[in-house]
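Spelled out, the chains give:
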Amino acid sequence: MTTGVPTPPRPSRSRPGKLRRIIPLALVAWFVLEIWLLTLVAGAAGGFTVLLLLVAGAVLGGVVIKAAGRRAFKNLSEAVQQAQDGVLPQSPRPGEGSGLVMLAGLFLIVPGMISDAVGLLLLLPPVRGFIGRRTERALERRMAATPPGSLGDAFQQARMRRPDGKVVQGEVIRDREPAPEQDGPRPPLTP
């Protein structure tokens, strides 16, 4: 027997996304592959050679991260100086920043042959430019699809720039009509 009242919908359970399931499996597969490659190279060239390769990768990664950090700090201080001078600082083109170079250094520090190969690839400017452009496009698409009031919308509003560097977003609402002009002197404004 029905009463004509619709049944309330069941609360939907949020299922974990594909990335939450894939990332741990991919990390385990990467770890196993790194160990397999290290043992393969150690069998062919010797354990001392593998140790030297790992130490050289870590040292090179440290040098790369240090240089990228110095360049990022120099760029930041130049941008602050330009902003103080009233010049609008230019944002770097995709792949020209220090983020991907630091990521390359991190991959070089992580022990393993695959991570070293990825780190060396990220040091190449055409690869960094390609990855930077793809990442920027993906972020722009994702930011454009964010609903108003969300965290992504806040980031998008924070990225808005004006020539003078000052942005005050708001809306003017007048509650009443302005009073007509009075004849005679006006009283002084006091705080």
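Conventions and cut-offs
Residues numbered from 1 in each chain as written. Predicted model: local features only at pLDDT ≥ 70, side-chain atom pairs only at ≥ 80, totals over all residues. Heavy atoms only, no water. Helix = DSSP H or I, 4+ residues; strand = E, 2+ residues; numbered from the N terminus. Buried < 20%, exposed > 50% of the residue type's maximum accessible area, 1.4 Å probe, protein only. Contact = heavy atoms within 4.5 Å. Areas by Shrake-Rupley, 256 points an atom, 1.4 Å probe, with all protein chains shown as cover. Axes fitted to C-alpha atoms, helices over the stretch in contact; angles between N-to-C directions. Parallel < 35°, antiparallel > 145°, perpendicular 65-115°, else oblique. Left-handed = near helix turned anticlockwise from the far one by under 90°. Nonpolar A, V, L, I, M, F, W, Y, C, P; charged D, E, K, R; others polar. Lys, Arg positive; Asp, Glu negative; His and termini not counted. Salt bridge = Lys/Arg side-chain N within 4 Å of Asp/Glu carboxyl O. Polar contact = N/O pair within 3.5 Å; in protein donor to acceptor, adjacent residues only side chain to side chain.

**Student:** What's the story with the overall build of the protein chain in this structure? I'm lost.
**Tutor:** The number of helices and strands found in the protein chain is 6 helices and 0 strands. Listing every helix and strand of the protein chain by position from the N terminus yields α-α-α-α-α-α. Counting across all 191 residues of the protein chain, residues that qualify as buried make up 14%. Long-range pairs, those at least 24 residues apart, make up 61% of the contacts in the protein chain between residues at least 6 apart in sequence. Surface summary for the protein chain: the accessible area is close to 16300 Å², and the carbon and sulfur share equals 64%.

**Student:** Mind showing me how you'd approach helix α4 (residues 113–122) here?
**Tutor:** In an α-helix, one turn spans 3.6 residues; hence positions three or four apart end up facing the same way. Buried residues of α4: Met113, Ser115, Asp116, Gly119 and Leu122, and no others. Those residues of α4 hidden inside the fold are in contact with α1 (18–45), α2 (47–84), α3 (99–109) and α5 (125–144).

**Student:** Is there a simple way to think about the environment of Leu60 in this case?
**Tutor:** Inspection of the secondary structure assignment puts Leu60 in helix α2. Taking the relative accessible area as the measure of exposure, Leu60 reaches 36% and is therefore partly exposed. Spatially, the C-alpha atoms of Leu60 and Asp116 are 9.9 Å apart, while their sequence positions differ by 56 residues. Setting aside residues no more than four positions away along its own chain, Leu60 makes contact with Leu108 and Leu120.

**Student:** Help me out: how do you make sense of the packing of α3 against α4 in this one?
**Tutor:** Running from amino to carboxyl end, α3 crosses α4 at an angle of 155°, the nearest separation of the two axes being 7 Å. Between α3 and α4, the interaxial angle falls into the category roughly antiparallel. Considering how the two elements wind past one another, α3 and α4 form a crossing that is left-handed. Judged by residue contacts, Leu100, Leu103, Ala104, Phe107 and Leu108 of α3 engage Ser115, Asp116, Val118, Gly119, Leu120 and Leu122 from α4. Of the residues assigned to the contact of α3 with α4, the class counts are 8 nonpolar, 2 polar and 1 charged.

**Student:** Can you help me understand the side chain of Ser115 in this one?
**Tutor:** Considering the arrangement of structural elements, one finds Ser115 in helix α4. Judged by relative accessible area, which is 1%, Ser115 ranks as buried. Ignoring anything within four residues of it in the chain, the contact list for Ser115 reads Trp30, Glu34, Phe107, Leu108 and Val110.

**Student:** What is the right way to look at the side chain of Glu34 in this model?
**Tutor:** For Glu34, the location among the structural elements is in helix α1. Buried Glu34, no salt bridge; nearest opposite-charge side chain is Arg128, N-O distance 19 Å. Reaching out from Glu34, the side chain makes a polar contact with the backbone nitrogen of Ser115 at a distance of 2.8 Å. Contact partners of Glu34, with chain neighbours within four places excluded, come to Pro111, Gly112, Met113, Ile114 and Ser115.

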